[in-house]
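Topology and contacts: notes
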Amino acid sequence: MNKPLGAIDSGVAMASNFAETDVVIVGAGPSALFAVFELGLLDLKCHLIDILDRPGGQCAELYPEKPIYDIPALPVVSAQGLVDRLMEQIRPFEPEFHLGEMVTELERTESGFRVRSDANTTIACKAVVVAAGGGSFQPKRPPIPGIEEYEGRSVFYSVRRMEDFRGHDLLVVGGGDSALDWTLNLQPLARSLTLVHRRPEFRASPDSVNKMYAMQEERRLEFQIGQVVRLIGEGGVLEAAIVKGPEGEVRVACTRLLPFFGLTMKLGPVAHWGLNLNEELIEVDTARFETSEPGIFSIGDINTYPGKLKLILSGFHEAALMAQAAKRIVHPNQRVVFQYTTSSTSLQKKLGVA
Ligand SMILES: Cc1cc2nc3c(=O)[nH]c(=O)nc-3n(C[C@H](O)[C@H](O)[C@H](O)COP(=O)(O)OP(=O)(O)OC[C@H]3O[C@@H](n4cnc5c(N)ncnc54)[C@H](O)[C@@H]3O)c2cc1C
């Protein structure tokens, strides 16, 4: 009998995508990436699922260009630089990434666990590592009355498949990198594209801003200063938006609205998996970093224990100890032999350096 640990119905019907692996990692932040390395040295294969469209968690999303000074042996490294190095370090273990997907369900089965995402990915595994950081990054909803009615039908906060936007009249709203990147990428597919931002200055990379203004010159898109104050349509089907700008209100015909107002972090579905929580953090022991549910581990910013420090290096240490414990669950009959990468030819073969 399956024992459900908790579920949130995403309400989205999509083609199912099934996989089997040793360990599923919820999140692809720095703790999760280093966990792939430690698990890989012990011959455990991993799939990682993250709601963001790229690996790196907070480092990649919140402060990619900021220098970090407290990573052991790296006197200074940019946050994105650290993510790039971690990705290089785990390459030999060929982890599978499911990006742009939120893990919604975690279910215990006779042989381990089944993990499901809101994109209908289902992965069967023997152990789960929750490395969900401050929780899932979720888009901020703009203050437009009645926008909820259109969400998932005409209003989208991310682009999973560009093809879904082909032939539409697109209205992109925002002034950051996401708004500008999607403006440039979707323009060739769209029937028409209008970008709306409340001022002519953008927070996006200057190169993207220049390209956008060049496209406007060539009349390939419209740029309007203002804010969307009202949506016009029925039954979730959008026809137009009212944009209030310096000259008053204008009606912009659109069938798809893409607001990019940044992301907030919320604990999200993790709260429903029946794990012991302490102020929205997952309680773990400090020998195995296992949660109150055997076989479900938790590392990085999302966990708590006496003396916990929310630092990247804490996640790395926790990953190493967790991997030893996960190995005993996935391969209970195999002896775990402690080895150094400097001297073990077996580890060096796994790393492709022997
Ligand atoms: C501005 C800033 C500066 C910082 N500077 C430093 C520093 O100098 N040194 C240092 O050590 N630390 C620093 N930190 C903290 C450091 O970034 C965190 O400790 C680190 O990112 C934690 O890594 P993590 O992998 O545990 O979680 P995160 O980086 O938060 O990654 C967790 C990932 O899990 C995903 N996720 C969560 N729930 C789900 C779900 N249900 N489904 C799918 N995906 C999910 C999230 O989308 C996220 O990508 C800084 C943080 C900030 C914000």
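Treat the numbers as computed from the prediction; the structure is a model and nothing was measured. (Residues numbered from 1 in each chain as written. Predicted model: local features only at pLDDT ≥ 70, side-chain atom pairs only at ≥ 80, totals over all residues. Heavy atoms only, no water.)

Let's talk about the sheet that holds strand E17 (residues 237-245)
Spatially, three strands are ordered E16-E17-E18 in an open sheet, and the strand pairing comes out antiparallel. On the outer flanks of this sheet lie strand E16 (227-234) and strand E18 (248-253), each paired with one strand and no other. Adjacent strand axes in the sheet meet at a mean angle of 25° when their direction is disregarded. (Pairing = 2+ DSSP bridges. Helix = DSSP H or I, 4+ residues; strand = E, 2+ residues; numbered from the N terminus. Axes fitted to C-alpha atoms, helices over the stretch in contact; angles between N-to-C directions.)

A word on the pattern of salt bridges
The final tally for this structure, using the stated rule, is 17 salt bridges. The partner of Arg 54 in a salt bridge is Asp 53, and the shortest N-O contact between them spans 3.4 Å. The salt bridge involving Arg 220 is made with Glu 218; its shortest N-O contact spans 2.7 Å. Each of Glu 105, Glu 107, Arg 114 and Arg 116 takes part in one network of salt bridges that share partners. (Salt bridge = Lys/Arg side-chain N within 4 Å of Asp/Glu carboxyl O.)

Let's talk about the side chain of Glu 101
Inspection of the secondary structure puts Glu 101 in the loop between strand E7 (96-99) and strand E8 (103-109). There is a polar contact of 2.6 Å between the side chain of Glu 101 and the side chain of Ser 117. (Polar contact = N/O pair within 3.5 Å; in protein donor to acceptor, adjacent residues only side chain to side chain.)

Re the site of the ligand
As a structural note, the neighbourhood of the ligand is formed by 31 residues, with Asp 50, Gln 58, Tyr 63, Val 103 and Asp 301 the closest of them. Contacts to the ligand include Ser 31, whose side-chain N or O atom sits 3.0 Å from an oxygen atom. A distance of 2.9 Å separates a nitrogen atom of the ligand from a polar atom in the side chain of Asp 70. Ranked by residues supplied to the shell around the ligand, first place goes to helix H2 (residues 57-62) with three residues. Its residues assigned to classes, the shell around the ligand comprises 16 nonpolar, 10 polar and five charged. (Near = heavy atom within 4 Å. Nonpolar A, V, L, I, M, F, W, Y, C, P; charged D, E, K, R; others polar.)

Details of the environment of Leu 238
Mapped onto the elements, Leu 238 comes out in strand E17. A C-alpha to C-alpha distance of 8.8 Å links Leu 238 and Ala 253, two positions 15 residues apart in sequence. Contact partners of Leu 238, with chain neighbours within four places excluded, come to Tyr 150, Ser 154, Leu 231, Ile 232, Gly 233, Cys 254, Thr 255, Arg 256 and Leu 257. (Contact = heavy atoms within 4.5 Å.)

Re a nonpolar patch on the surface
A grouping of Leu 309, Leu 311 and Leu 313 is seen on the molecular surface, where their side chains present a nonpolar patch of about 240 Å² in accessible area. For Leu 311, the position within the fold is in the loop between strand E24 (303-304) and helix H6 (312-330). (Patch = residues over 30% accessible without salt bridge, like charges linked within 9 Å, V, L, I, M, F, W, Y side chains within 5 Å. Areas by Shrake-Rupley, 256 points an atom, 1.4 Å probe, with all protein chains shown as cover.)

Note that every value here comes from positions in space, so none of it alone points to a role or purpose.
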